[in-house]
Amino acid sequence: MRKKIVAGNWKMNNDLSATEELVAKLQKKLPETDAEVMVAPAYTNLFTAFEALRQSPIEVIAQNMHFAENGAYTGEISAEMLKSVGVQTVILGHSERRAYFGETDDILAKKVDAALAKDMTVMFCFGEELNDRKSDNHFKVVESQLKNALFHLESSAFKHVILAYEPVWAIGTGETATPEQAQEMHKFIRETLAKQYNDTVAESTSILYGGSVKPTNAKEIFSQPDVDGGLIGGAALKASDFIAIIEAI
Ligand code: PGA
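Now for a quick tour of the structure.

Reading guide: rules and limits
Residues numbered from 1 in each chain as written. Predicted model: local features only at pLDDT ≥ 70, side-chain atom pairs only at ≥ 80, totals over all residues. Heavy atoms only, no water. Core = buried A, V, L, I, M, F, W, Y, C linked by side-chain atoms within 4.5 Å. Buried < 20%, exposed > 50% of the residue type's maximum accessible area, 1.4 Å probe, protein only. Helix = DSSP H or I, 4+ residues; strand = E, 2+ residues; numbered from the N terminus. Contact = heavy atoms within 4.5 Å. Near = heavy atom within 4 Å. Polar contact = N/O pair within 3.5 Å; in protein donor to acceptor, adjacent residues only side chain to side chain. Areas by Shrake-Rupley, 256 points an atom, 1.4 Å probe, with all protein chains shown as cover. Nonpolar A, V, L, I, M, F, W, Y, C, P; charged D, E, K, R; others polar.

1. Some thoughts on the nonpolar core
Next, step 1: Judged by nonpolar contacts, the single largest core of 66 residues is most densely connected at Leu150 and Leu163.
Next, step 2: Here this core takes six residues from helix α11 (residues 239-248), the largest share from any one element.
Next, step 3: Excluding residues that lie within four positions of it along the chain, Leu163 makes contacts with Phe124, Phe126, Leu146, Leu150, Ile189, Leu193, Thr205, Ser206, Ile207 and Leu208.
Next, step 4: Counting 12 residues, the second-largest nonpolar core is a separate cluster that includes Ile5, Ala7, Ala40 and Met123.

2. A short note on unusual backbone geometry
Next, step 1: A positive phi angle is found at Lys11, which is not glycine, with a value near 50°.
Next, step 2: Following the sequence through the fold, Lys11 ends up in the loop between β1 (5-9) and α1 (16-29).
Next, step 3: The phi dihedral of Ser212 is positive, around 55°, even though this residue is not glycine.
Next, step 4: Within the secondary structure, Ser212 sits in the loop between β7 (207-210) and α10 (218-222).
Next, step 5: Among the residues examined, Ser212 registers a relative accessible area of 15% and is labelled buried.

3. Focus: the site of the ligand
Next, step 1: What surrounds the ligand is a group of 13 residues, the closest being Lys11, His94, Glu166, Gly172 and Ser212.
Next, step 2: Here Lys11 contributes a side-chain N or O atom positioned 2.7 Å from an oxygen atom of the ligand.
Next, step 3: In this structure, Gly233 approaches the ligand through a main-chain N or O atom, which is 2.9 Å from an oxygen atom.
Next, step 4: Contact with the protein chains covers 96% of the free accessible surface of the ligand, which is 280 Å².
Next, step 5: Here the shell around the ligand is built from residues that sort into four nonpolar, seven polar and two charged.

These figures capture arrangement, not role.
In structure tokens:
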């Protein structure tokens, strides 16, 4: 059975004390759930969040990492550094990394390899832009993102891969894919996995939806058969909204 996951991507928000505050609220109010709950604070707050959540089922994950093991890469963070502060899972390929920091499929393939080589789990983000959808190229774009960054992997690697489909036009815009649009794409992604690998990989890989998930729309999106949870941005910054989204799954 594939896992249900609700992950909060805090992006470049929350300083140390705001992180401590949010983590404390989440820990206190976390509802009973069989879903895995994850939060991704900024690098500078990972260790504090990890320490605070040691006794909690909430997993602290990172928003990014570099592909090199170490060396002259000013401003970058390696897999080992993340692991040394308790982080086991890393988000890679977020559309903001692709759009503002020039991360290409080739770079992402290297990052994926580097994370998996250190026994980390990868939460791999991908999704089409608005013009791709308008020109009816969204399936093609998504397929090529998966192919270029992930399909060099052996099928066994997918035990450590979580997929997060995030249509760029729905991220931080308030505009959400309809549950039908999400389901249609998630089904396509699963079929693509089955074609490239096999039914076991397709059926056991969690595919999250991301893009303006809120307490008001979470339930409907999560009830789609191929949607296994969500990657939440804006709504993850408010404890009560994030809790309501966890309750929705
Ligand atoms: P959003 O962000 O929920 O604010 O749209 C989602 C994401 O960027 O992962």
